[in-house]
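# Examination of the molecular architecture
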Amino acid sequence: MTSEKAAAATNNWAPGAQKIDATSIAAPFREEIRSQIQKLKEEGIEAPLLVGLLANSDPAAKKYAEWTGRACKADGIRYELREIDDAIDVENALRDANDDPRVHGIIVYYPIFGQVESFSGESQDDYLRDTVSHKCDVEGLCHEYRSNLYRNKRYVDYPTNSKKCVLPCTALSVVKILESCPSCYDKSKPIGRHMEGQTVTIINRSEIVGRPLAAMLANDGADVYSVDIDSIYLFRGGRLYACDGETPESCVRKSSVVVTGVPTKAYRLPSEWIQPNTTVVNVASFKNVNEDEILQIENVTYIPMVGKVTVAMLERNLMRLFYNFHHPERELEERRKRESDAALQSPWYGNALQVYTAIAATAILALSLAKRK
């Protein structure tokens, strides 16, 4: 008997109902990362350095920073948390990290300013996300990676296609969780159709989780209802459709996967909306569902937290960035390419004096030939 089935029998859950600990899903990814770090050490290469920038007192952000530090230490990754007293100094700290060749990855623990209007745009936090260099953005939230995600562009170096894009780590953690759950992903189908025939409801449309997750699942073939406080949209086949006739209840009732990410303690998804055989993932730092009630629904799969998988995806993104941009062999390759490109673009002459000398020599030769005639 599996641990999930044993728990179901002990807790008198409905037949087939199971609660999954995300730690078990994170484990193989972290083991792979440890192997990569060990290989680097054997080659005499120092482990990548991840820098975290913390400038708020939000409990969830602090907990995330602690988890990140513990996980990096356990897996052999170097981690440096830089706490900033005044939020106004975050941009300078971020640019310093961008320009530091020792730094291979950067994570900013949001929210810092929230949606407060700023000199640099509608939201200072959004501005900061776009300030992180794509070579160091372990969260996959800067403009380049977001743009590639929404266009379903999977590489940063088209047409060579040797450097895969980094995906937003929290949204990616949900994808990896769903891949491990029964009946969510069908890997026998071609890429882009693994979730074909599935209907998903995501109750959150933030730029950090809800919107990128909706795009990722739609890129994998699902119909995704994106529910926010005042609107519902359908993500399907790279397009966005308004859903005037739908309600949160109608969306949830027709969904085989429900993801909740409402960042408030007061919110609860009505359990009666959830149908048998549904997979429910709670992304919020608060429980958005009544756990006891939904585990009384037949064949429900419930994942109460995603944090451990999110940290594993953060480390995975760091390793991808390291191999894409920072590995000594990659840096040497890039330097040679720059030198080759510069040589191709350089004119045949070195400077203006060489041009003058060549013209003068040509004129003298022409006069000499003319005199001989």
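Check the entry above for the structure.
Cut-offs used in this document
- Residues numbered from 1 in each chain as written.
- Predicted model: local features only at pLDDT ≥ 70, side-chain atom pairs only at ≥ 80, totals over all residues.
- Heavy atoms only, no water.
- 1 Å grid on protein atoms, 1.4 Å probe; cavity = no way out; pocket = protein on both sides within 12 Å on 5 of 7 lines; lining within 4 Å.
- Points joined across faces, edges and corners; volume = space filled by probe spheres on them.
- Helix = DSSP H or I, 4+ residues; strand = E, 2+ residues; numbered from the N terminus.
- Nonpolar A, V, L, I, M, F, W, Y, C, P; charged D, E, K, R; others polar.
- Pairing = 2+ DSSP bridges.
- Contact = heavy atoms within 4.5 Å.
- Axes fitted to C-alpha atoms, helices over the stretch in contact; angles between N-to-C directions.
- Phe/Tyr/Trp six-rings, centres within 6.5 Å; stacked < 30°, edge-to-face > 60°.
- Buried < 20%, exposed > 50% of the residue type's maximum accessible area, 1.4 Å probe, protein only.
- Core = buried A, V, L, I, M, F, W, Y, C linked by side-chain atoms within 4.5 Å.
- Parallel < 35°, antiparallel > 145°, perpendicular 65-115°, else oblique.
- Left-handed = near helix turned anticlockwise from the far one by under 90°.
- Expected span 1.5 Å × (residues − 1).
- Disulfide = S-S within 2.5 Å.

### Topic: the layout of surface pockets
- In this structure, the second largest pocket occupies an estimated 600 Å³ of space.
- What lines the second largest pocket is a set of 23 residues, and nearest its centre among them are Arg 154, Lys 164, Leu 167, Leu 172 and Asp 220.
- Of all the elements, helix H7 (residues 169-180) adds the most residues to the lining of the second largest pocket, at four residues.
- Broken down by class, the residue content of the lining of the second largest pocket amounts to nine nonpolar, five polar and nine charged.

### Focus: the sheet that holds strand S6 (residues 223-227)
- Taking strand neighbours across the sheet as the criterion, the eight strands line up as S1-S11-S10-S9-S5-S6-S7-S8 in an open arrangement whose pairing is mixed. Sheet topology places strand S1 (18-19) and strand S8 (239-242) at the edges, where each strand pairs with a single neighbour.
- Strand direction decides the pairing type here: strand S9 (residues 257-260) and strand S10 (residues 279-282), joined by four bridges, are parallel. Paired with Val 258 across the strands is Val 280, a residue of S10.
- H7 rests against S9, S10 and strand S11 (301-303) of the sheet, and its axis sits at about 150° to S10.

### Regarding the packing of aromatic side chains
- What the rule picks out here adds up to two aromatic pairs.
- On the basis of an interplanar angle of 85° and a centroid distance of 5.6 Å, the ring pair of Tyr 64 and Tyr 109 is categorised as edge-to-face. Here Tyr 109 lies in strand S4 (residues 105-109) and Tyr 64 lies in helix H3 (residues 59-75), a separation of 45 residues in the sequence. We note that Tyr 64, like Tyr 109, is buried.
- Their ring planes at 80° and their centres at 5.8 Å tell us that Phe 322 and Tyr 323 sit as a pair that is edge-to-face.

### Quick look at the nonpolar core
- Leu 217, Val 224 and Val 281 are the most contacted members of the largest nonpolar core, which has 66 residues in total.
- Counting residues per element, this core draws most heavily on helix H11 (residues 307-326), at 10 residues.
- Beyond its immediate stretch of four places on either side in the chain, Val 281 contacts Val 174, Ile 177, Leu 178, Val 258, Val 259, Thr 260, Ile 303 and Val 306.

### Looking at the packing of H7 against helix H8 (residues 210-219)
- Contact geometry of H7 with H8 gives a least axis separation of 8 Å together with a crossing angle of 40°. Taken together, the axes of H7 and H8 are oblique relative to one another. The hand of the H7/H8 crossing is right-handed. Along its contact with H7, which presents Ala 171, Leu 172, Val 174, Val 175 and Leu 178, the element H8 presents Pro 212, Leu 213, Met 216 and Leu 217.

### Quick notes on H7
- Across its 12 residues, H7 extends 16 Å between first and last C-alpha, which sits within 8% of the 16 Å expected from 1.5 Å per residue.
- Counting buried residues along H7, 10 of its 12 residues qualify, which places the element largely inside the surrounding structure.
- Inspection of H7 places Cys 169, Thr 170, Ala 171, Leu 172, Ser 173, Val 174, Val 175, Lys 176, Ile 177 and Leu 178 among the buried residues, and these make up the whole buried set.

### Points about the pairing of S8
- Judged from the four bridges that link them, strand S7 (residues 232-236) and S8 form a sheet pairing that is antiparallel. Bridge pairing in S8 links Leu 234 to Tyr 241.
- What sits between the antiparallel neighbours S7 and S8 is a turn of two residues, in which Gly 237 has the positive phi angle 55°.

### Quick notes on the state of the cysteines
- Counted according to the given criterion, the structure contains zero disulfides.
- Among the cysteines around Cys 243, which has no disulfide bond, Cys 251 carries the closest sulfur, lying 6.2 Å off.
- The buried category is assigned to Cys 243, whose relative accessible area is 13%.

### Points about unusual backbone geometry
- Across the junction of Tyr 110 and Pro 111, the peptide omega takes the value 0°, indicating a cis bond.
- Note on placement: Pro 111 falls in the loop between S4 and helix H5 (124-131).
- With an omega of 5°, the peptide bond between Tyr 158 and Pro 159 qualifies as cis.
- Topologically, Pro 159 is positioned in the loop between helix H6 (143-150) and H7.
- Positive phi, close to 60°, is recorded for Asn 299, a residue that is not glycine.
- Along the chain, the position of Asn 299 falls in the loop between helix H10 (291-294) and S11.

### Considering the packing of helix H2 (residues 22-42) against H11
- Axis separation between H2 and H11 bottoms out at 8 Å; the angle between their running directions is 25°. It follows that H2 is roughly parallel to H11 by the angle criterion. In this structure, the crossing between H2 and H11 has a hand that is left-handed. Side by side, H2 and H11 meet where Ala 22, Thr 23, Ile 25, Ala 26, Phe 29, Arg 30, Ile 33, Gln 36, Ile 37 and Leu 40 of the first sit next to Lys 308, Val 309, Ala 312, Met 313, Glu 315, Arg 316, Met 319, Phe 322 and Tyr 323 of the second.
- Classifying every residue of the contact of H2 with H11 gives 13 nonpolar, two polar and four charged.

### Topic: the environment of Val 132
- Mapped onto the elements of the fold, Val 132 is located in the loop between H5 and H6.
- Here the alpha-carbon distance between Val 132 and Asn 98, two residues 34 residues apart in the chain, equals 6.8 Å.
- With sequence-adjacent residues up to four places away left out, Val 132 is seen in contact with Leu 94, Asn 98, Ile 106, Val 108, Asp 137 and Cys 142.

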